[in-house]
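The residues making up each chain are set out below.
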Amino acid sequence: MSDFDLFVIGAGSGGVRASRVAAAYGARVAVAEEYKVGGTCVIRGCVPKKLLVYGSHFAEDLDDAAMFGWDVPAKTFDWAVLRDNVLGEVSRLEGAYTETLKTHKVTILQERATLTGPNSVRLASGKEITADKILIATGARPVMPAIEGIEHAISSNEVFHLERLPKRIVIAGGGYIANEFAGIFHQFGSHVTLVNRTDVMLRHYDQQIVDRLIQISLRKNIDFKFHATIDRVSRDVNGRLHIAMTGCDDLEADELLFATGRHPNTEDLGLEAVGVETGDNGKVGVDEDNRTSVPSIFAVGDVTDRVQLTPVAIREGQAFADTFFGNKPCRVDYGSIPSAVFSHPPLAGVGMTEGQARNTIGPVKIFTSDFRPMKNVLAGRNERSLYKIVVDAESEVVVGIHMIGPDAPEILQAAAIAVKAKLKKSDLDDTLALHPTMAEELVLMR
Ligand code: NDP
């Protein structure tokens, strides 16, 4: 008999969900985690990032307060206070996740585990453990380019621990992390330069919505260097970074953040020796039931590089546990996944962009609402929101909803139901407006 029914490698979003649910079904479960229980999302991703987004938003809220009658004394910001409070909250959550696993009688092993066979793993301490099934949920890590002086740059792992706020920060990349941290640091008062290898940012989002973000960011004096690449980095005796560029003048900064994608964590896991097949970027290949090329070994989350989003990893972990330990076979539906970028202002989208719809469906109807939110008008803030609905012209079904503006992710979560349920544009039109809100624009576009 094996030591465990299930051995999970990695206690991030997917691994914790699979462990907890399998254990609740009565399985004997162990999970190995070499860093902290919670994984990227809780420890150095979504959660601390969102808290920094909240913290940074006060900069404009305090500015706007005057027009609403509030006399706010000169504001100052203390990075160390926010950083330490955020890290404190992360520790609390790490404790809560650990507690949940313990309550479900999951054995937590705080060390690295590597595969030694289809049903066995070895812990860093040398102990060999057997299990009927093994789940790889080791996540991904930031890609850092092999350039001279890369040791002077940071990734999203380090950004939450900075000793001091940089006066000038250069951010490489034009995706989620680059745009989110561009907004965060700008609000804190840093000068931000965003370096992108092309002139396309957030390429999977509707480009009309992305253009609005670029316009607003430019107006805020965030610098963009398009078609530019970073060649070399050095740090002088005063701590200043000198960044040698191709495509634009060389740059100087206090910090350089690389946000150029994330790479599956599969090195030195023993995959090759055991026969688990991997893709070109190291990702673990799986079928619709999260099964690898070795029948007793499964994988969920970022390590499979399907959709690198926390709710997807959680769904995959849940589906794995339901299917193999709960006798409830199910598969994840990857259609219409809502997503958001917590930039300033945030943007969000679900379903097909206008470009995707034109390429795949053909004739589409586009409805847009370009408006200045009431709060921005009174505050004298010249930032316009843009909402967009993409409709299949023939069936009238809403195939995509995209938006940028205050609270866009909160609004889109509810709007995503319309796309998932394949509602028609007339269903939105028939819904009465909730006034006065920004979200009412969704049912008022004609
Ligand atoms: P993204 O995939 O979002 O963006 C990567 C960016 O880096 C793109 O602009 C890409 O350009 C560019 N890039 C890629 N390779 C290179 C290279 N070799 N040299 C220069 N530029 C390059 O990655 P992030 O690192 O921002 O985030 C990683 C993942 O984490 C995201 O894909 C997302 O799944 C997840 N995430 C989700 C968040 C959310 O849900 N709000 C927040 C943060 C992260 P190009 O477009 O040309 O390929």
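The text that follows walks through the structure, step by step, so that each part is easy to find. (Residues numbered from 1 in each chain as written. Predicted model: local features only at pLDDT ≥ 70, side-chain atom pairs only at ≥ 80, totals over all residues. Heavy atoms only, no water.)

**Let's talk about the overall build of the protein**
And step 1. For the protein, the count of helices and strands is 13 helices and 21 strands.
And step 2. Compactness check: the protein gives a C-alpha radius of gyration of 24 Å against a globular reference of 22 Å for 446 residues, within 12% of the reference.
And step 3. Across its three principal directions, the C-alpha atoms of the protein cover 70 × 65 × 45 Å.
And step 4. Going through the 446 residues of the protein one by one, you find that 49% of them count as buried.
And step 5. A separation threshold of at least 6 residues defines the contact pool for the protein, and within that pool the share at least 24 residues apart is 62%.
And step 6. Carbon and sulfur atoms make up 52% of the accessible area of the protein, which amounts to about 20,900 Å² in all.
And step 7. Here the protein holds 48 positive side-chain charges and 59 negative ones, and the gap between their average locations is 2 Å. (Helix = DSSP H or I, 4+ residues; strand = E, 2+ residues; numbered from the N terminus. Rg over C-alpha atoms; globule rule 2.2 N^0.38 Å. Buried < 20%, exposed > 50% of the residue type's maximum accessible area, 1.4 Å probe, protein only. Contact = heavy atoms within 4.5 Å. Areas by Shrake-Rupley, 256 points an atom, 1.4 Å probe, with all protein chains shown as cover. Lys, Arg positive; Asp, Glu negative; His and termini not counted. Charge placed at Lys NZ, Arg CZ, Asp CG, Glu CD.)

**Some points on a nonpolar patch on the surface**
And step 1. A cluster of nonpolar side chains, namely Phe58, Leu62, Met67, Phe68, Trp70, Val72 and Leu378, defines an oily patch on the protein surface of about 720 Å² accessible area.
And step 2. Inspection of the secondary structure assignment puts Leu62 in helix H3 (residues 46-65).
And step 3. What makes Leu62 partly exposed here is its relative accessible area of 32%. (Patch = residues over 30% accessible without salt bridge, like charges linked within 9 Å, V, L, I, M, F, W, Y side chains within 5 Å. Salt bridge = Lys/Arg side-chain N within 4 Å of Asp/Glu carboxyl O.)

**Thoughts on the site of the ligand**
And step 1. In the region of the ligand, 18 residues are neighbours, and Ile177, Arg197, Arg203, Gln308 and Ala340 sit closest.
And step 2. Residue Tyr176 places a main-chain N or O atom 3.0 Å away from an oxygen atom belonging to the ligand.
And step 3. Burial of the ligand by the surrounding chains reaches 71%, relative to a free accessible area of 910 Å².
And step 4. Class assignment for the residues of the shell around the ligand results in 6 nonpolar, 7 polar and 5 charged. (Near = heavy atom within 4 Å. Polar contact = N/O pair within 3.5 Å; in protein donor to acceptor, adjacent residues only side chain to side chain. Nonpolar A, V, L, I, M, F, W, Y, C, P; charged D, E, K, R; others polar.)

**Some remarks on the environment of Ile129**
And step 1. Among the structural elements, Ile129 can be located in strand S6 (residues 128-136).
And step 2. Counting along the chain gives 41 residues from Ile129 to Gly88, while the straight-line C-alpha distance between them is 34 Å.
And step 3. If sequence neighbours within four positions are ignored, Ile129 has contacts with Asp3, Phe4, Phe7, Leu109, Asn119, Ser120, Val121 and Leu123.

**What to know about the pattern of salt bridges**
Oppositely charged side chains can form a pair if their charged atoms are brought close together.
And step 1. This structure, assessed with the given rule, holds 30 salt bridges.
And step 2. With its nearest N and O atoms 2.9 Å apart, the salt bridge here joins Arg381 to Asp64. In this pair, Arg381 is assigned in the loop between helix H10 (374-379) and strand S20 (385-392) and Asp64 in helix H3, connecting sequence segments 317 residues apart. Here Arg381 and Asp64 have matching classes, each one buried.
And step 3. Between Asp429 and Arg446 there is a salt bridge; the shortest N-O distance is 3.1 Å.

**Comments concerning the side chain of Ser339**
And step 1. Among the secondary structure elements, Ser339 is positioned in strand S17 (residues 339-341).
And step 2. Look at Ser339 and you get buried, because its relative accessible area is 16%.
And step 3. Within the structure, the side chain of Ser339 is placed 2.7 Å from the side chain of Tyr205, a separation counted as a polar contact.

**Re the environment of Val286**
And step 1. Following the sequence through the fold, Val286 ends up in the loop between helix H7 (271-274) and strand S16 (297-299).
And step 2. A C-alpha to C-alpha distance of 7.2 Å links Val286 and Phe298, two positions 12 residues apart in sequence.

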